[in-house]
Amino acid sequence: MVRTRRAFLETLPLAIAALLPARLVLAQSPPSAQDFAGQLAVATMFGIESATLALQKSTSPAIKDYAHRLADDHARAASQLRRIVARRSDIALPDRPDGRHLDMIRDLGALQGEAFDKAYAAAQREAHRELAALLEAYARNGADPELKAFATETLPLVQDLSDKAGALTPRP
């Protein structure tokens, strides 16, 4: 009985870790510099592309205002990241979003009116929660000093965008 209980208690942390969502684990252990830069590049591309869709499709002034700011802030972050990576040979940035983000862009592009506005707001809330977790993990525990400083500097901006995405209402 004691041996069974001890075995159970020894395996419990592994079982709990297996049940945690990926973003919670991500917040505790940062990715490599290459993976961080790649994930960040994809997130900025998604932000810019989805903002462009919002500017074309939305009828909500609040969403259009958010999309303008989002496009500007993500373009600035992408530019700063490219400047960091341009001086290095150990990191390559993707040239387009990954499949998951391309699917989200496609799905958003297929929507109109209020359905678009609701889906856009939800996508931005989730995307910025994920991005804030990525930046926070790297700012806290990242191995690359230059990228760590970038994550620390960019995190408040992303947290503000996340807060604003949470307050988006799909109708004017």
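The structure contained in this document is the topic of the report that follows. This structure is a prediction, so every number in the text was calculated from the model and none was measured.

### Here we look at the side chain of Ser58
At step 1: You can see Ser58 is positioned in the loop between α3 (33-57) and α4 (61-86).
At step 2: Under the relative-accessibility criterion, Ser58 is labelled buried at 4%.
At step 3: Not counting the four nearest positions on each side in its chain, Ser58 is found in contact with Leu53, Ile63, Lys64, Phe116 and Asp117.

### Focus on the nonpolar core
At step 1: Of all hydrophobic cores here, the largest spans 24 residues; its most connected members are Phe36, Leu40, Leu81, Leu131, Leu135, Leu147 and Phe150.
At step 2: Every element with two or more residues in this core is listed here: α3, α4, α6 (113-141) and α7 (145-166).
At step 3: The greatest single-element share of this core, amounting to eight residues, is contributed by α3.
At step 4: What Leu81 contacts, discounting residues up to four positions off in sequence, is Ala37, Leu40, Ala41, Leu93, Leu147 and Phe150.

### Quick word on the packing of α6 against α7
At step 1: At a minimum axis distance of 8 Å, the contact between α6 and α7 shows a crossing angle of 155°. When the axis of α6 is compared with that of α7, the two are roughly antiparallel. As for the relative orientation of α6 and α7, their crossing is left-handed in sense.
At step 2: For the contact of α6 with α7, the class distribution of residues is twelve nonpolar, eight polar and five charged.

### Some points on the packing of aromatic side chains
At step 1: All chains considered together, the criterion is met by three aromatic pairs.
At step 2: Centre to centre, the rings of Tyr66 and Tyr120 are 6.4 Å apart; their planes meet at 75°, and the pair counts as edge-to-face. With a gap of 54 residues between them, Tyr66 in helix α4 and Tyr120 in helix α6 connect regions that are remote in the sequence. Here Tyr66 matches Tyr120 in class, with each residue buried.
At step 3: Ring geometry for Phe116 and Tyr120: centres 5.7 Å apart, planes at 15°, overall stacked. Pair noted here: Phe116 and Tyr120 are both in helix α6, with a separation of four residues, about one helical turn.
At step 4: With a relative accessible area of 0%, Phe116 lands in the buried category.
At step 5: Three or more aromatic residues joined by ring pairs make a cluster, and in this case those are Tyr66, Phe116 and Tyr120.

Procedures and definitions
Counting from 1, residues in each chain are numbered in the order their sequence is written. Note on the predicted model: pLDDT of at least 70 is required for a residue's local features to be given, and 80 or more for side-chain atom pairs to be given and counted; whole-chain, interface and lining totals, by contrast, use all residues. Side-chain figures throughout are based on the complete set of non-hydrogen atoms in the structure, without hydrogens or water. For helices the rule is a DSSP run of H or I covering at least 4 residues; for strands it is a run of E covering at least 2, with both sets numbered from the N terminus onward. Each residue's exposure class comes from its accessible area (1.4 Å probe, protein chains only) as a fraction of the maximum for that residue type: buried when under 20%, exposed when over 50%, partly exposed otherwise. Residue contacts are defined here by distance: any two heavy atoms, one from each residue, within 4.5 Å place the two residues in contact. Note on terminology: a nonpolar core comprises buried Ala, Val, Leu, Ile, Met, Phe, Trp, Tyr and Cys residues joined through side-chain atoms within 4.5 Å. To define axes, lines are fitted to C-alpha atoms, for helices over the stretch in contact only, and angles between the resulting N-to-C directions are given on a 0 to 180 degree scale. When describing relative orientation, an angle under 35 degrees is termed roughly parallel and one over 145 degrees roughly antiparallel, while 65 to 115 degrees is termed roughly perpendicular and anything else oblique. By convention, the crossing between two helices is left-handed when the near helix turns anticlockwise from the far helix through less than a right angle, and right-handed when the turn is clockwise. Amino acids outside the nonpolar list (Ala, Val, Leu, Ile, Met, Phe, Trp, Tyr, Cys, Pro) and the charged list (Asp, Glu, Lys, Arg) are all regarded as polar, and Gly is one of them. Aromatic contacts are taken between Phe, Tyr and Trp rings whose centres are within 6.5 Å, Trp giving its six-membered ring; a plane angle under 30 degrees counts as stacked, one over 60 as edge-to-face, and the others as tilted.

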